[in-house]
Amino acid sequence: MSQELNKTYEPKDVENRWYAFWEEKGLFHADENSDKKPYAIVIPPPNITGSLHMGHALNNTLQDILIRWKRMAGYNSLWMPGTDHAGIATQNVVEKQLSKEGTDRHAIGRGKFIERVWKWREESGGTIIRQLKRLGSSCDWDRERFTMDEGLSEAVKEVFVRLYNEGLIYRDNYIINWCPRCHTALSDLEVDYIDTTGTLYHIRYPIIGSKDAVIVATTRPETMLGDTAVATNPDDKRYKNVKGKKLLLPIANREIPVIEDAVVDIEFGTGAVKVTPAHDPADFEIGKRHNLLQIVVIDDSGCMTQESGDKYKGMRREESRKEIVKQLEEEGYLVKKEPHQHAVGHCYRCRTIVEPLVKLQWFVKIKPLAEEAIKAVEGGKIRFIPKGWENTYFEWMRNIKDWCISRQIWWGHQIPAWYCCDCFGDMITIFSHDKPSGTSYATLRKGGKTHEDILSSVDRCVIDKSVEPIVSKGKTRCPKCNGSNMIQDPDVLDTWFSSALWPFSTLGWPQKTKELSTFYPTDALVTGFDIIFFWVARMIMMGLKFMNDVPFKDVYIHALVRDAEGQKMSKSKGNVIDPLIMIDKYGADALRFTLSAMASPGRDIKLSEDRIEGYRNFCNKIWNASRFALMNVKGDIKKDIKGYNIFDRWILSRLNRLTREITASLQEYRFDEAANAIYQFIWHEFCDWYLEAAKPVIYKKDDADKRNITQTVMIHSLETSLRLLHPFMPFITEEIWQRLPKLGAVSGMESIMLAPYPAADESLIDDVIEEEVRLLQDVISCVRNIRGEMNIPPSVEIDILLKAEEGKRADLYRQHSEYIKFLAKAKGIKIGSDIVKPHIAATAVLKDAEVYIPLEGVVNFDGELPRLQKELEKIKKEIEFINKKLANQDFINKAPKDVVEKEKEKYRELTEKLNKIEEGIKKLEALRI
RNA sequence: GGGCGAUUAGCUCAGCGGGAGAGCACUGCCCUCACACGGCAGGGGUCGUUGGUUCAAUCCCAACAUCGCCUACCA
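Predicted, not measured: the structure shown is a model, and the values here were computed from it. (Residues numbered from 1 in each chain as written. Chains lettered and ligands numbered in written order. Predicted model: local features only at pLDDT ≥ 70, side-chain atom pairs only at ≥ 80, totals over all residues. Heavy atoms only, no water.)

Engineer: Sorry, what's going on with the overall build of chain A here?
Structural biologist: Each helix and strand counted, chain A has 31 helices and 32 strands in total. Against the 2.2 N^0.38 benchmark of 30 Å for 929 residues, chain A shows a C-alpha radius of gyration of 38 Å, more extended than a compact globule. Along the first, second and third principal axes, the C-alpha set of chain A runs to 115 × 70 × 55 Å. When the 929 residues of chain A are sorted by exposure, 55% land in the buried category. Long-range pairs, those at least 24 residues apart, make up 78% of the contacts in chain A with a sequence separation of at least 6. Total accessible area on chain A stands at roughly 41,700 Å², and carbon and sulfur atoms take up 49% of it. Considering chain A, the positive charge centre built from 135 side chains and the negative charge centre built from 138 side chains are found 0 Å apart. (Helix = DSSP H or I, 4+ residues; strand = E, 2+ residues; numbered from the N terminus. Rg over C-alpha atoms; globule rule 2.2 N^0.38 Å. Buried < 20%, exposed > 50% of the residue type's maximum accessible area, 1.4 Å probe, protein only. Contact = heavy atoms within 4.5 Å. Areas by Shrake-Rupley, 256 points an atom, 1.4 Å probe, with all protein chains shown as cover. Lys, Arg positive; Asp, Glu negative; His and termini not counted. Charge placed at Lys NZ, Arg CZ, Asp CG, Glu CD.)

Engineer: What should I look at first to understand helix α3 (residues 87-100) in this one?
Structural biologist: Think of an α-helix as turning once every 3.6 residues; residues three or four places apart then point the same way. Between its terminal C-alpha atoms α3 stretches 20 Å, which fits the 20 Å expected from 14 residues at 1.5 Å a residue. For α3, every residue scored as buried is listed here: Gly87, Ile88, Ala89, Thr90, Gln91, Asn92, Val94 and Leu98. Looking at the packing, one finds that the buried side of α3 touches α4 (105-108), α5 (110-124), β6 (184-186), β17 (406-407) and α15 (495-499). Looking one or two residues beyond α3, the residue adopting positive phi is Gly102, at roughly 80°. (Expected span 1.5 Å × (residues − 1).)

Engineer: How do you make sense of the packing of helix α23 (residues 671-699) against helix α24 (residues 704-725) when you look at a structure like this?
Structural biologist: To describe two helices that pack against each other, one gives the angle between their axes and the distance between the axes. Their axes nearest at 10 Å, the elements α23 and α24 cross at an angle of 165°. Taken together, the axis directions place α23 and α24 in an arrangement best described as roughly antiparallel. Two packed elements cross with a definite hand, and for α23 against α24 that hand is left-handed. Across the interface between the two elements, Ile678, Phe681, Ile682, Phe686, Tyr690, Leu691, Ala694, Val697 and Ile698 from α23 touch Lys706, Arg707, Thr710, Gln711, Val713, Met714, Ser717, Leu718, Ser721, Leu724 and Leu725 from α24. Tallied by class, the residues present in the contact of α23 with α24 amount to 14 nonpolar, four polar and two charged. (Axes fitted to C-alpha atoms, helices over the stretch in contact; angles between N-to-C directions. Parallel < 35°, antiparallel > 145°, perpendicular 65-115°, else oblique. Left-handed = near helix turned anticlockwise from the far one by under 90°. Nonpolar A, V, L, I, M, F, W, Y, C, P; charged D, E, K, R; others polar.)

Engineer: Got a minute to help me understand the state of the cysteines in this structure?
Structural biologist: Throughout this description, disulfide means a covalent bond between two cysteine sulfur atoms. Taken as a whole and judged by the stated rule, the model has zero disulfides. Its sulfur unpaired, Cys423 is 3.6 Å from the next cysteine sulfur, which belongs to Cys420. Looking at Cys423, the relative accessible area reads 32%, which means it is partly exposed. Cys421 supplies the cysteine sulfur nearest to Cys461, a cysteine that is in no disulfide, at a spacing of 8.3 Å. On the basis of relative accessibility, which here comes to 9%, the residue Cys461 falls in the buried class. (Disulfide = S-S within 2.5 Å.)

Engineer: What is the right way to look at the sheet that holds strand β23 (residues 486-488) in this model?
Structural biologist: The pairing of strands in a sheet happens through backbone hydrogen bonds and is either parallel or antiparallel. Spatial ordering of the open sheet is given by β22-β18-β23, a layout of three strands whose pairing is antiparallel. Looking along the sheet, the strands with just one partner apiece sit at the ends: β22 (470-471) and β23. Bridge count for strand β18 (residues 417-420) against β23 is three bridges, and the pairing is antiparallel. Of the residues in β23, the one forming a bridge with Cys420 is Met486. (Pairing = 2+ DSSP bridges.)

Engineer: Would you mind going over the sheet that holds strand β21 (residues 458-463) with me for this structure?
Structural biologist: The strand order across the open sheet formed by three strands is β20-β19-β21, and the pairing between neighbours is antiparallel. A strand with exactly one partner marks an edge of an open sheet, and here the two such strands are β20 (435-440) and β21. When strand polarity is set aside, the average angle formed by the axes of neighbouring strands in this sheet is 25°.

Engineer: How do you make sense of the protein's contact with RNA strand B when you look at a structure like this?
Structural biologist: Close contacts around RNA strand B come from 57 residues, with Ala217, Asp265, Val273, Trp683 and Pro896 the closest. For RNA strand B, the backbone makes up 65% of the atoms found within 4 Å of the protein, where backbone means sugar plus phosphate. In this structure, a sugar or linking oxygen belonging to RNA strand B sits 2.7 Å away from a side-chain N or O atom of Asn624. Tyr699 is positioned with one of its side-chain polar atoms (N or O) 3.0 Å from a phosphate oxygen of RNA strand B. Among the secondary structure elements, those contributing two or more residues to the surface near RNA strand B are β8 (213-218), β13 (334-347), α21 (609-631), α23, α26 (767-789), α30 (889-894) and α31 (897-928). Of the residues assigned to the surface near RNA strand B, the class counts are 20 nonpolar, 15 polar and 22 charged. (Near = heavy atom within 4 Å. Polar contact = N/O pair within 3.5 Å; in protein donor to acceptor, adjacent residues only side chain to side chain.)

Engineer: When you look at the packing of helix α10 (residues 367-378) against helix α11 (residues 389-398) in this model, what are you seeing that I'm missing?
Structural biologist: Axis separation between α10 and α11 bottoms out at 10 Å; the angle between their running directions is 160°. Between α10 and α11, the interaxial angle falls into the category roughly antiparallel. Between α10 and α11 lies a crossing whose hand is left-handed. Seen from α10, the contacting residues are Lys367, Ala370, Ala373, Ile374, Val377 and Glu378; seen from α11, they are Glu390, Tyr393, Phe394, Met397 and Arg398. Partitioning the contact of α10 with α11 into residue classes produces seven nonpolar, no polar and four charged.

Engineer: Any chance you could explain the pairing of strand β7 (residues 191-206) here in plain terms?
Structural biologist: Consecutive side chains of a regular strand alternate in pointing toward one face of the sheet and then the other. Pairing analysis gives 13 bridges linking β7 to β13, with the strands arranged antiparallel. Bridge pairing in β13 links Val191 to Cys347. Both β7 and β8 contribute to a ladder of six bridges, which runs antiparallel. Each residue of the ladder has a partner; that of His202, found in β8, is Ala217. Here β7 folds back onto β8 in antiparallel fashion, the turn holding six residues, of which Gly209 has a positive phi close to 80°.

Engineer: Please clarify how the environment of Arg603 should be interpreted in this entry.
Structural biologist: Checked against the element boundaries, Arg603 lands in the loop between α20 (588-597) and β28 (605-606). Sequence separation of Arg603 and Asn233 is 370 residues, and the distance between their C-alpha atoms is 43 Å.

Engineer: When you look at α21 in this model, what are you seeing that I'm missing?
Structural biologist: The end-to-end C-alpha distance of α21, which contains 23 residues, comes to 33 Å, matching closely the 33 Å that a straight helix rising 1.5 Å per residue would cover. Within the sequence span of α21, burial applies to Ile612, Tyr615, Phe618, Cys619, Ile622, Trp623, Ala625, Ser626, Arg627, Phe628, Ala629 and Leu630.

Engineer: In this structure, what is going on with the pairing of strand β2 (residues 76-80)? I would like to understand it.
Structural biologist: With five of its five residues buried, β2 lies for the most part within the structure. Here β2 shows a buried face lined by Asn76, Leu78 and Met80 and a second buried face lined by Ser77 and Trp79. Judged from the five bridges that link them, strand β1 (residues 38-42) and β2 form a sheet pairing that is parallel. By the bridge assignment, Val42 is partnered in β2 with Met80.

Structure (structure tokens):
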């Protein structure tokens, strides 16, 4: 490898090269047989249809930081990767392909369709995995899993069967969220409620045998054709006299009763609500309480049914709303229309408005599982970071409703339930593509078809609720008739059902594997708050149920990534910042560092490209600092060193303090703190001060020992910083690290990934040295300040006169005068308590020192007076503030002694400074006269 | 309706009982043999409003305002 480095860091080639190297050497692999302490994270499996967006980039950067950090810190570190089959989303993608080809899934049949999906997955499902690699993710790719894998499918079946046998899974008719476009049920979580301005229609329902009417208010007049009652609140005096009366339902001309139910809100609308048990969740419940009939007026496709009458039959629900309102208006039933704000449910996959429908579905009885999951968090077995999310979790878990797990799609884990066609042939309705109106299984058989014929041509089937399912991991015989003509339940499971098992199914469950015993429970789960319910809660429930232990100990919830204006990034808004484009432009390290530096807990990330560019510049800074180090060290480093200079000791102290801080921050998941601390250290301490201070030592040819020591400290500090930084910026750190001479524990190592994460050496943290360097920096900065303010060009050389008390700080300054001279760019320096201020000189007053820069013949001197006056004003204000405090007897008496003492000390210093400056001003003014 | 969070320099955000900070942007000087994706220096904030607790409040408490998010059978 060439030692010559380019002037700017070029990430592209570096990243590809090192990632390939790491993979080739198997450095991401965790060994289940290792006796090192395990540390494990399972990836929140990205959707196979997805491509990497900023949310993924953040999520995976943070996981990779944890994993790389722990791996370096000596843990057997496993990052379990994989993807999720994303039932509805994936099915939609492939259906779109088919549609382009002029066909659809029904035409090709279920088997062929599934084949197509697998084919699509082979070709396109790897996209996001490749993108994760570009980000630098150090996942154990040998173990990559997919939720539809054989092993994971086995886990799904096992769980289903066990939950069913325990009565925790059941099949029932219930009102569920139905997407009329996807043609499937959705769980409550899969519905997005969007605030919409709709219309509240007030409709007259005449009272039979009276001239009066009850006026109901509704946002969905099209469902009125399915009304089977009108409900009022039992406490509502306005409706006392209509209780038990019958109303005439307009248009339908049916009689419906007035009932009373406590759920009705007296304040809302007219206080009377139409009840449509088949098309509204609340009405469904009312219907159950009052034994109301369910009249289905909207079908699976969102069209009006036969039940809604000839006029409306077949009409789309949106159109029928208009038409019904029109008819009501014409017939004088419409009392008024008013705009109304409400939340309308949309399918989270396709944005279609969901239709609540009563359907036969499979559910998980969730309360018993939720109770344990609540306890695990209450008892501290799982902790959320930041802690505030625990409330969100509890809130949801305590109000949880049964989970609808069946989906009427084809791509997914088909429900392992079987029905005997011989016993129940009449109650199994078969729909085939050429005959979309269903026929009973029994009839088909009588028509001469064989069982196999029927199964091969089935497009969809409906199995009556009364047909008893036989739940089994594989096809079985009927326990009643011992027949083998079984048909499998056509539904598949909610994708999140298999995701919930991810922390143990990926480790081999239900087999008792070494992986499971080594890595379960995992250590941390890193995810966004948007899937706490979808995923985190369900993993906890399933982990506790089937592993008798929590799936992870820490749940780190990170922010959402938004654009610079705080808007959610979305393709339709056109405000997405594509992480891959950012990686191409600035490098993966810059992107990763940006995301981690901005990952403050509890706050969303407003990302702008400027920030990424800024951290790209940081990469370049590191690169050039390393260039400098390498240019000036040619095999000169030593193993054992004594005789550090002050800056050597200082940088070692700062470095070890940093190491301590970073470890503490990472332990608390404060990625932002850790990133900012190392940025500050490398740029503003190592580069700005240490390297500058090292220059005079390195450039001086006469003292080889001193030079050698500084070269060694420089390399050591750089090398240690790189290791500290590696989890954040894996690529550039490896690239530079490989070129550095190595010392001690890291010598001979193949990769920075294998090098130990730095541990702080407390003995090198030295408060005295840090204070001394601060004093030197103060002198240097104030000379530079005078240069700047007095407009002394760099080409003009100056002298420094430094008045400091002997026995106090004069020695310190004298000892390090060469550094002061070099760093302040002075040609000469004089130090002592007997220094006399020249008439024409710029002055600065520091703690324990006064600085004079003689300006006679150097530069126009006019700037000095205003400069001092500005300084004076500042100090006066500070003194005034402290004065107030010290004048307050309560403060003196009640505040802690050390605080009072500190204030007094500050007061002494400031007044001393004030006097000196005032003196200087007087002299200047005298000079002018 | 309920809950949570935010409000600090032009922008994005740390800090959270005793000296207002960072990054970017801005201003001036400088292409000084690591880096102009740079160096040095500098300007800029009554820490949302009003009360309260305290010797002391940007920080704790209460109310209000504005914004954001989550949640709900808002018919």
